[in-house]
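# Structure assessment
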Amino acid sequence: MSVAVSWSRVMSLLREHAPADHADLPGPATEQMLAAAEERMGISLHGDLRTWLLQNDLDLPEEDVDDEVACCGFDGFPDEGSFFLGIRAMERLYANRSRPGGFDPPDQPDNPFWRNEWIPFLSDQDGWMGKFIDVRDGRVGKWFVGEVTVTGEYESMAQYFDSVAEKLTQITEGSYPVCRVTEGRLVWS
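First, a word on scope: everything that follows refers to the structure included in this document. (Residues numbered from 1 in each chain as written. Predicted model: local features only at pLDDT ≥ 70, side-chain atom pairs only at ≥ 80, totals over all residues. Heavy atoms only, no water.)

### Quick word on the overall build of the chain
Of regular secondary structure, the chain possesses six helices and 10 strands. In the chain, which comprises 189 residues, the proportion classed as buried is 49%. Of the roughly 9,200 Å² of accessible surface on the chain, 49% is carried by carbon and sulfur atoms. (Helix = DSSP H or I, 4+ residues; strand = E, 2+ residues; numbered from the N terminus. Buried < 20%, exposed > 50% of the residue type's maximum accessible area, 1.4 Å probe, protein only. Areas by Shrake-Rupley, 256 points an atom, 1.4 Å probe, with all protein chains shown as cover.)

And the structure:
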């Protein structure tokens, strides 16, 4: 399944079961926005990441951005405490994580905490944990400051979005105990 189809499934479930949350999401990025971000970051976006951002660029409107936090996004989606990043938030977190030598720490090239080929697309507000896509092969990994970074948690963004769609399905069926839908919004307990 493609990332476009997987993300469309997530959006359809959100639109049907949490329409107020869905209505808050912004429109797509443009090719010009993505090209400018690639130039500023000095790296090409993976095709899956590009496809996803061209469907929904999940940056908050400028007036809602909080400069006191490392990352901003739409709260409560895809889970409590983390959120999908838009292109501006990705750039900001990427700039914070990338290193001149290409990986961090510099003495561990085979097992780094971070590689410059990883572009974050999901994070908490502090940038301490989240998910990234490896631009070399499209695999999705996760990081958590102070723990070992996991590469290849998912084979692709499509596979990851399928897991998000499955979680949304469980929520709507009432079989995901820490979340429910109330007045068209996902509510985490």
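### What to know about the nonpolar core
With 49 residues, the main nonpolar core has L49, W52, F84, I119 and F121 as its most contacted residues. By residue number, the principal contributor to this core is helix 6 (residues 157–173), which donates eight residues. Look past the residues within four positions of L49 in its chain and what remains in contact with it is M90, I119, F121, I133 and M157. (Core = buried A, V, L, I, M, F, W, Y, C linked by side-chain atoms within 4.5 Å. Contact = heavy atoms within 4.5 Å.)

### So, the pairing of strand 6 (residues 129–134)
Here strand 6 lies mainly inside the structure; five of its six residues are buried. For strand 5 (residues 118–123) and strand 6, the ladder comprises five bridges, and the chain directions are antiparallel. Bridge assignment links S123 to a residue of strand 6, and that residue is G130. Counted along the chain from strand 5 to the antiparallel partner strand 6, the turn is five residues long, and its residue G127 has a positive phi close to 70°. Where strand 6 lies against strand 7 (residues 140–144), five bridges are found, and the strand directions are antiparallel. When the bridges of strand 7 are listed, M129 appears paired with F144. In textbook terms, the turn of a hairpin is the stretch between consecutive antiparallel strands, and for strand 6 and strand 7 this stretch comprises five residues, one of which, G138, has a positive phi near 80°. (Pairing = 2+ DSSP bridges.)

### Here we look at the environment of E16
Here E16 lies in helix 1 (residues 3–17). Judged by its relative accessible area of 59%, E16 falls in the exposed class. A C-alpha to C-alpha distance of 9.7 Å links E16 and T172, two positions 156 residues apart in sequence.

### Considering the environment of I43
In this fold, I43 is placed in the loop between helix 3 (31–41) and helix 4 (47–55). Linking I43 and N116, residues 73 residues apart in sequence, is a C-alpha distance of 8.4 Å.

### Overview of the packing of aromatic side chains
Summed over the entire model, instances satisfying the criterion amount to 17 aromatic pairs. Plain terms: the ring middles of W52 and F161 are 5.6 Å apart, the flat faces sit at 40° to each other, and that makes the pair tilted. Of the two residues, W52 sits in helix 4 while F161 sits in helix 6, which places them 109 residues apart along the sequence. Accessibility classification places W52 together with F161 in one group, the buried group. With a centroid separation of 5.3 Å and an interplanar angle of 85°, the aromatic rings of W114 and W143 are classed as edge-to-face. Here W114 is found in strand 4 (residues 114–115), whereas its partner W143 is found in strand 7, with 29 residues between them in sequence. Site record: aromatic cluster; members linked through ring pairs are W7, W52, F84, F121, Y154, Y160 and F161. (Phe/Tyr/Trp six-rings, centres within 6.5 Å; stacked < 30°, edge-to-face > 60°.)

### Quick look at the pattern of salt bridges
Considering all chains together, one arrives at 12 salt bridges under this definition. For the salt bridge of D134 with R136, the shortest nitrogen-to-oxygen distance reads 2.6 Å. Salt bridges here are not isolated pairs; linked through shared partners, they connect D21, D24 and R185. (Salt bridge = Lys/Arg side-chain N within 4 Å of Asp/Glu carboxyl O.)

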